Amino acid sequence: MSERPSGRAAATSVLVPDESASPALHPVPAASLPAPPSPELTVRALVAGGLIGSVVAVTNVYTGLKTGFWESGCVLSALLAFGGLSAVARRSTPLSPLETNLSQTAAVSVGALPASAGLLGAVPALAMLGTQPPGWAVALWGVGLGTLGVLFAFALRRRLLEDEALPFPTGAATAELISTLHSTGSAYAARARGLWVSGLASMGLTWLRDARGLVPPASLLPGTLKVGGLGADSLLVGIGWNPMLLGIGVLVGPQVGLSILLGAAVAWGGLAPWLVREGLVKEAGYLTLSGWLLWPGVGLMVGAAAASLVSQVRALPSVVRDLRGLGRQGVGWEATAGQWVSRAVLPAILLTGMMAWFAFQLSPLYFLLALLLTFPLSAVCARATGQTDIAPMSPVGQLAQVGFGMVVPGQPSLNVAAGAVVSGAASHTSASLWSLQSGRLLGASASRQLLVQLPGVLLGAAVAIPAYSLLVSAHGLGSEALPVPTGQQFKTVAEFTSRGLAGMPPSSTLATGLAVLAGVLLSVGARGRLARLLPSAAAMGIGFVVPPYYAVTLCLGALLAAIVGRLRPSATQTVQSAGAGAIIGESLLGVFIAALLGLGLLQSSG
């Protein structure tokens, strides 16, 4: 769940371009003379990509720990790179579309590191299980897994993007945006206006809420209003003063927003009062009730994941062929890069294996077993991403957890670490392929994209680990401020597979089983004509885990964006940029406030 529901890394706000109406991605020069080569791999593109990616990485840590969502940042990075590089280009070489694309490629690699390192799922789960790996070890672990993900993406690029021509809609939309930005300035102006205005407003509200205490975290319904006999305030029912939640709602759309709200209604409006009434949970509070409700919530997500992965099993034979052909494809630059890819796999495996043994107590034998699952499952995840734009990164990790629970029962921490190997590499594989698809459509060099993705992994580790440490030390894991939905999911699956039914709360076994079945049925039904009518099972699962006011606020953002899009379609892109700005504004200032609290320069408003 460290993605959009069931694992999306890119915003659902990205609109797949209309092939019949979109401008050409490669405009032919009017002059008869050959056009000079466009600059691509430049210092300014790398610097801009690193800076933008650092913002995306911090944002992903913050939003991932709070809601379980994280962003690839493809579209956002392209927009910011164009704006920043255009300003620099006024006094130097003109900016080219390939430069903008290379900058967003570097930014996406930096921004995906929090997911690759397990900061949104596995690492919090281990902490809640009593194991806390040192930060430097987590950083090296993330670098190893992120590098493997980048290399896997390069190995899969030819088959998935060229031979099978999978759409990878976010990558296609990013290429379309870059082409449009370089053909007209009005597109950038409309998007940038929404981004900066909402970002500054989001920062202001976050400062008043978290630093000054002048704005409450949420406006809850009064206790006199009963929900199944329980006070609405004790269940945290209300509206949150969180621009980030509104922004996420804008990006994920009404179907996902309503699904999360439906999940919250079932969990907190139906099951929670029943649990208290039957005496299964003694206190009517968020923390006590969430310990029971997360089981059926995880059941929904696991059921959805199982259904999506089964449909990809037929891809495994082609995955094996891709692995055998690693480093043997292409000519010129591509052939050279392919050779370096094959040579870099072993060092990346050794680095990750050493950190797995030292920091995560994953022995070499068990690490190799996890590694045998990593490439096939990463490829399955990548193929699902290419077909649906949904990257099931956490689900493939939890599939590995289930396998390890059967082989090595009774060791939940080892179970989490094994799942993190698979989900970490899969995260960077799918994110890298979105960027590679954008580059393919724009005529970029895949080898140059590979070269900027690898150092992006290093920068991502340097930025994400401190941001994670600051937030956890300021708010604590599993709290109302940091519910850590993905971490709860990893922890729950580990406990279940390690201890079986004995590790589950009273009477939760049947509820979890029914939830798994519901997740499977909803996911299968969503492939047919009912796709737009059925709720997302994974999104419903999130509604079980986060505080109810999170679900209400997120859904409100989704509905507001849908209404604006219906009444004024021309404002859709501006609204989407405003949503991204709201997320970035609260995330950056939230980490900054956490740093001030940690240094003793600011007193907690709570």
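In what follows, the accompanying structure is described. (Residues numbered from 1 in each chain as written. Predicted model: local features only at pLDDT ≥ 70, side-chain atom pairs only at ≥ 80, totals over all residues. Heavy atoms only, no water.)

1. Structural notes on helix H16 (residues 412-442)
At 3.6 residues per turn, the α-helix brings residues three or four places apart onto the same side. We apply this condition: Secondary structure elements are defined from DSSP: runs of H or I of at least 4 residues count as helices, runs of E of at least 2 residues count as strands, and each element is numbered from the N terminus. Multiplying 1.5 Å by the helix residue count minus one yields the expected span of that helix.
Helix length check: H16, at 31 residues, gives a terminal C-alpha distance of 46 Å against a target of 45 Å (1.5 Å per residue), a fit within 8%. Note on H16: the residue one or two positions beyond its end, Gly443, has a positive phi of about 80°.

2. Re the environment of Asn60
Quick reminder of the rule: Whether two residues touch is decided by their heavy atoms; if any such pair falls within 4.5 Å, the residues are in contact.
Mapped onto the fold, Asn60 is located in helix H1 (residues 43-67). Residues Asn60 and Pro114, 54 residues apart in the sequence, show an inter-C-alpha distance of 6.9 Å. If near-sequence neighbours (up to four positions away) are discounted, Asn60 is found in contact with Phe69, Trp70, Glu71, Gly111, Pro114 and Leu120.

3. Comments concerning a nonpolar patch on the surface
Stated formally: In this analysis, a patch consists of residues with relative accessible area above 30% that form no salt bridge, clustered at 9 Å for like charges and at 5 Å for the nonpolar side chains Val, Leu, Ile, Met, Phe, Trp and Tyr. Accessible surface area values rest on a Shrake-Rupley calculation with a 1.4 Å probe, where residue burial reflects the displayed protein chains alone. By definition here, a salt bridge exists when the distance from a side-chain nitrogen of Lys or Arg to a carboxyl oxygen of Asp or Glu is within 4 Å. Exposure categories follow from relative accessible area, calculated using a 1.4 Å probe and restricted to protein chains: below 20% of the type maximum is buried, above 50% is exposed, and the middle band is partly exposed.
Side chains of Leu258, Leu261, Leu559, Ile563 and Leu567 sit close together on the surface and give an oily, nonpolar patch of about 450 Å² of accessible area. Every element with two or more residues in the nonpolar patch is listed here: helix H10 (254-277) and helix H21 (548-567). Counting residues per element, the nonpolar patch draws most heavily on H21, at 3 residues. Counting through the fold element by element, Ile563 comes out in helix H21. For Ile563, a relative accessible area of 47% puts it in the partly exposed group.

4. What about unusual backbone geometry?
Here the phi dihedral of Gln361 falls at roughly 55°; this positive angle occurs in a residue that is not glycine. One can find Gln361 in the loop between helix H13 (333-360) and helix H14 (364-388). Here the phi dihedral of Val484 falls at roughly 50°; this positive angle occurs in a residue that is not glycine. Among the secondary structure elements, Val484 is positioned in the loop between helix H17 (446-475) and helix H18 (485-499). When its relative accessible area of 0% is taken as the criterion, Val484 is described as buried.

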